[in-house]
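Residue-level listing of the chains:
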Amino acid sequence: VHQAWLPPEAFRAIGARRALVLGDGPLAGTVRDELAQACARYGGSVRPGGDLASADGGPYDLVLAAGAGESLPAVAAAVRAEVRSLGAEIGGEGFVLARRDGVTVVLADEPAGLLYGLFHLVRLGEAAFEDTIAVEHHRPALRLRMLDHWDNVDVHPVMGQVERGYAGGSIFWRDGALRDDLRRVRAYARLLAACGINAVAVNNVNVHTTEARLLTDRLGDVAAIAGELRPYGIRVHLSVDFAAPVTLGGASTADPLDEDVRTWWAETTERVYDTIPDFGGYVVKADSEGRPGPFAYGRSHADGANMLAEALAPFGGVVHWRAFVYDHRQDWRDRSTDRARAAHDHFAPLDGLFGDNVILQVKHGPIDFQPREPVSPVIAAMPATRVAVELQVTQEYTGQQRHVCYLAPMWSEVLGFRLSGPAGPSVAQIAGGAAAHHGRAAHGAAAANGAVSNGAVSNGAVSNGVAELDGTAQTYGGGGLVGVSNVGDDDFWTGHPLAQANLYAFGRLAWAPDADPAAILDEWIGLTFPAFPPDMTGGPDRPRSVLHAIMDDSWRTYERYTAPLGVGFMVRPGHHYGPDVDGYEYTPWGTYHFADRDGVGVDRTRATGTGYTGQYPEPWSQVYESIERCPDEVLLFFHHVPYGHVLHSGSTVIQHIYDTHFAGVEEVVRAQALWAGLAGAGSVPPALHARVADLLDEQLRCAREWRDQVNTYFFRKSGVPDAHGRRIW
Ligand code: GCW
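Counting of residues starts from 1 at the beginning of each chain's written sequence and follows it residue by residue. In keeping with the model being predicted, local features are shown solely for residues with a pLDDT of at least 70 and side-chain atom pairs are shown and tallied solely at 80 or more, while totals for entire chains, interfaces and linings include all residues.

1. Remarks on the overall build of the protein
Counted only if it meets this: Secondary structure elements follow DSSP: runs of H or I of four or more residues count as helices, runs of E of two or more count as strands, with numbering from the N terminus. In this setup the radius of gyration rests on C-alpha atoms only. A globule is expected at 2.2 Å times the number of residues raised to 0.38. We call a residue exposed when 12 or fewer other C-beta atoms sit within 10 Å of its C-beta, buried when the count reaches 20 or more, and partly exposed for counts in between; the C-beta positions come from the backbone. Once C-beta atoms are placed from the backbone, any two residues with those atoms within 7 Å are in contact.
Check the secondary structure of the protein and you find 24 helices and 20 strands. The globule rule puts the C-alpha radius of gyration for 729 residues at 27 Å, and the 26 Å found for the protein is close to it. Its C-alpha atoms give the protein principal-axis dimensions of roughly 85 × 70 × 55 Å. Relative to its full complement of 729 residues, the protein shows a buried share of 55%. Taking all contacts inside the protein whose residues are at least 6 apart in sequence as the whole, residues at least 24 apart take part in 72%.

Below is the structure:
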């Protein structure tokens, strides 16, 4: 199995040092074990810790210490005193990194902070031991940084083992049972901790019969997984079937207001915590795409979510209640029903009605993980609700891990988007809530006396992500960031080896939403390909630059050769790979483009369309309403326009379609040539090189298919020839 971003070489710098680890508990133990392993390989040493008296005086090159630590070695005590004098709290998962008298010091309040500090050192490599290092304070901007697995225990007849999985079978389950060998799960936990993830839901939100029983008689399986994830600070969550009292408990109803139903959930949940004391909570897809939910009993989503929340509350658990609720059986002839409106219509009126431990999990866009959507207005519509934003790391609509598509630039746009204009909070601040608010003290202190910095890492580009704040962010509770995992039992974890970067970037953005996607990619390259020469500046043939050239803009490349201008869903129905312009046009799924001989796009205006633009606060409700002001990239999401409509770019819609589709394919051709140039360079392992080369062949084939079908479709509809006379079929 490929080592992803934690090959042994990544531990070279810390493994060659004399280290002291102070701190109690299993996470501190993990830090010690990691260091001991690295030292065994690279000649350093690690003190078992605890006993400072014998250890003090050193000599050490590295001290990692968690807790108040009355007995810190002098260098660490000095750093601790300095942090205290600033009035700055390090914070639960945070850490401070400093360099004093030739010793690198990592201080944390909790052992979890030590673990994240350790992996920060791994990222820094030798730079962690340079005297120029400033005092850095790092803490996650979002408290909950979670991956949802859409894994089934049994192989589902249509969806396979991992729903929308493109990396083989599940790493947890095989042949209807938990895998015997869970070493892979442990290695996964380690990779996740190294990019900042702290929660994992282990089964599909579409909970089928076998999987429902993970909650009850198969809970032992979940406990075993929890045991593998725990040493890396990751809690286990479970997707549950809302109808479980009926399907598992034999009751006649799952009505959330029924006393027996409530008792069933309370008792079931108590048993879960007896078995897994640090269990994270439930994930629920209710009244969505045929899943059971409270509607069957005339109850609201708040009734349903609060019932589960009440069962979890005594144990500190949370319920992630998904907002992905819409009519998947709509009549395509009915132009007034708009799927984009559905989540807001259902949930915004419920703001203020959800319990404190309910997290409303909202997909980042209003429809369904298309390569380009506007940001969901639900995210800003519920200030009295804890909102988590859900991203799809698995590439269902973005090339299914056969295409290179580095998604961090898209996520970064989403996380930085301010739904209520420049003075309002960003999406990341809403999802971060109180955690982002706490960040301010440290940030303010840094500004005041300059000692605790906001934590730029060695390459100067990734900050620690303490969001800048304004008053409004404080009113949001913050639910965190959730990604649908792209991992399977494939040797490279993610099918496409370069798709590992998406998983890595997801974690890094959940920790530091304002980090620069190119800098995150650079971190990932540096860790994953230790044989690459370090500098990014050497000519275009340098491996690092080549990977940047292939990946940095690959999401936009994908966008160019697929559905144009935000209209989305021109994919083959069912599996969603490859083009089918009208595939969903006359179906009940609510995903239409309405192309005719005169124009294309969905009129979602208040003036003449579905009124969806009215779900946005100012200024976006005005901006999106206006054909003139609407940004090009989402024009067809909001407006039905003639083919001759002139974009801000100066091009017409039809010419834009032709141009971007030709350009997108050319970009894939270039990527292929660049990758070929890395063959035999000695810095890319041959098996990895071959896998990517094969996939690039398929990407190019598929991109051409997209180009030709989309261009031909619109040429035939519009009759408008390409201004440049290129071949359209
Ligand atoms: O994107 C759609 C997928 C379904 C998925 C659903 C959801 C798990 O096609 O496979 O079901 O979204 O998010 O619930």
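There is more to say after this.
2. Topic: helix 20 (residues 554-561)
Within helix 20, 7 of the 8 residues are buried, leaving the element largely enclosed by the surrounding structure. Residues of helix 20 that are buried: Ser554, Trp555, Thr557, Tyr558, Glu559, Arg560 and Tyr561. Contacts from the buried residues of helix 20 go to helix 14 (408-416), helix 19 (543-551), helix 23 (653-676) and helix 24 (686-718).

3. Examining unusual backbone geometry
Here the residue pair Glu618 and Pro619 is connected by a cis peptide bond, since its omega of 0° sits within 30 degrees of zero. In this structure, Pro619 sits in the loop between strand 19 (599-600) and helix 21 (620-625). The backbone phi angle of Gln400 is positive, close to 50°, even though this residue is not glycine.

4. Some words on the environment of Pro685
Among the secondary structure elements, Pro685 is positioned in the loop between helix 23 and helix 24. The partly exposed category is assigned to Pro685, around which 14 C-beta atoms lie within 10 Å.

5. Looking at the nonpolar core
Applicable threshold: We call a set of buried Ala, Val, Leu, Ile, Met, Phe, Trp, Tyr and Cys residues a nonpolar core when their C-beta atoms link them within 7 Å.
With 226 residues, the main nonpolar core has Leu107, Leu114 and Val319 as its most contacted residues. Beyond its immediate chain neighbours, meaning those up to four positions away, Val319 contacts Gly281, Tyr282, Val284, Ala305, Leu308, Ala309, Leu312, Asn357, Val358 and Ile359.

6. A closer look at the domain arrangement of the protein
Keep this limit in mind: Note: domain ranges come from an automatic or database domain assignment.
Considered domain by domain, the protein is made up of domain 1 (8-138), domain 2 (145-328 + 340-431 + 475-516) and domain 3 (559-602 + 640-718). On a C-alpha basis, the centroid separation for the pair domain 1 and domain 3 is 48 Å.

7. Quick look at the sheet that holds strand 18 (residues 480-484)
Note the threshold: Two strands are counted as paired when DSSP detects at least two bridges linking them. For helices, the fitted axis covers only the stretch in contact; all axes are lines through C-alpha atoms, and the angles between them, taken along N-to-C directions, range from 0 to 180 degrees.
Pairing is parallel in the closed barrel, where 8 strands are placed in the order 7-12-13-14-15-16-17-18. Put simply, the sheet's adjacent strands are angled 25° from each other on average, direction ignored. Taken together, the 4 bridges between strand 14 (residues 281-284) and strand 15 (residues 318-322) define a ladder with parallel strand orientation. Within strand 15, the residue paired with Gly281 across the bridge is Val318. Relative to strand 7 (residues 145-148), helix 17 (residues 500-511) is tilted by about 150°, and along the sheet it contacts strand 7, strand 17 (386-392) and strand 18.

8. Considering the environment of Gly590
By the element assignment, Gly590 lies in the loop between helix 20 and strand 19. Overall, the presence of 23 C-beta atoms within 10 Å leaves Gly590 in the buried class. When the C-alpha positions of Gly590 and Phe569 are compared, they lie 10.0 Å apart, and in sequence the two are 21 residues distant. Apart from residues lying up to four places away in sequence, Gly590 is in contact with Tyr326, Asp327, Gln330, Thr337 and Arg339.

9. Re the pairing of strand 13 (residues 235-239)
Of all 5 residues that make up strand 13, 5 are buried, and the element is covered over most of its length. Inspection of the sheet shows strand 12 (residues 199-201) paired to strand 13 by 3 bridges, in the parallel sense. Along strand 13, the bridge assignment pairs Ala199 with Arg235. Sheet topology note: the strand 13/strand 14 ladder contains 3 bridges and is parallel. Note on strand 14: the bridge partner recorded for Ser239 is Val283.

10. Quick word on the sheet that holds strand 1 (residues 18-22)
Paired through their backbone hydrogen bonds, the strands of a sheet run either parallel or antiparallel. Taken in spatial order, the 6 strands make up an open sheet running 2-1-3-5-4-6, and their pairing is mixed. Looking at which strands have only one partner, the edges of the open sheet turn out to be strand 2 (45-47) and strand 6 (136-138). Averaged over all pairs of adjacent strands, the angle between their axes in this sheet comes to 15°, without regard to strand direction. Of the strand pairs in this sheet, strand 4 (residues 95-100) and strand 5 (residues 103-108) are connected by 5 bridges, and their pairing is antiparallel.

11. Topic: helix 11 (residues 301-312)
Rules: Take the number of residues in a helix, subtract one, and multiply by 1.5 Å to get its expected span.
Compared with the 16 Å implied by 1.5 Å per residue over 12 residues, the 17 Å span of helix 11 between its first and last C-alpha is a close match. With respect to burial, helix 11 is a largely interior element, 10 of its 12 residues being buried. Buried within helix 11 are the following residues: His301, Ala302, Gly304, Ala305, Asn306, Met307, Leu308, Ala309, Ala311 and Leu312. As for helix 11, its buried residues are in contact with helix 10 (259-275), strand 14, strand 15, helix 12 (342-347) and strand 16 (358-363).

12. Comments concerning the environment of Glu390
Looking at the element boundaries, Glu390 is found in strand 17. Here Glu390 falls in the buried class, since 24 other C-beta atoms lie within 10 Å of it. Sequence separation between Glu390 and Pro497 is 107 residues; the distance between their C-alpha atoms is 23 Å. Those residues in contact with Glu390, other than ones at most four positions away along the chain, are Gln361, Val362, Lys363, His364 and Val482.

13. As for the pairing of strand 17
The element strand 17 is largely enclosed, with a buried count of 7 among its 7 residues. Residues of strand 17 alternate between two faces, with Arg386, Ala388, Glu390 and Gln392 on one and Val387, Val389 and Leu391 on the opposite face, all of them buried. Of the strand pairs in this sheet, strand 16 and strand 17 are connected by 5 bridges, and their pairing is parallel. Paired with Leu360 across the strands is Val387, a residue of strand 17. Of the pairings in the sheet, the one linking strand 17 to strand 18 comprises 5 bridges and is parallel in character. The residue of strand 18 that forms the bridge with Gln392 is Val484.

14. Things to note about the packing of helix 17 against helix 18 (residues 517-528)
Stated precisely, the cut-off is as follows: Orientation is classified from the angle alone, with under 35 degrees giving roughly parallel, over 145 giving roughly antiparallel, 65 to 115 giving roughly perpendicular, and any other angle giving oblique. Two helices cross in a left-handed way if the nearer one is turned anticlockwise from the farther one by less than a right angle. They cross in a right-handed way if the turn is clockwise. Under this grouping Gly is polar, as are all residues other than the nonpolar Ala, Val, Leu, Ile, Met, Phe, Trp, Tyr, Cys and Pro and the charged Asp, Glu, Lys and Arg.
Taken N-terminus to C-terminus, the directions of helix 17 and helix 18 make an angle of 120°; their axes are 10 Å apart at the nearest point. Of the possible angle classes, the one that applies to helix 17 and helix 18 is oblique. Crossing geometry of helix 17 relative to helix 18 is assigned as right-handed. Residues Gln500, Ala501, Tyr504, Ala505 and Arg508 of helix 17 form the contact with helix 18, whose participating residues are Pro517, Ile520, Leu521, Trp524 and Thr528. Tallied by class, the residues present in the contact of helix 17 with helix 18 amount to 7 nonpolar, 2 polar and 1 charged.

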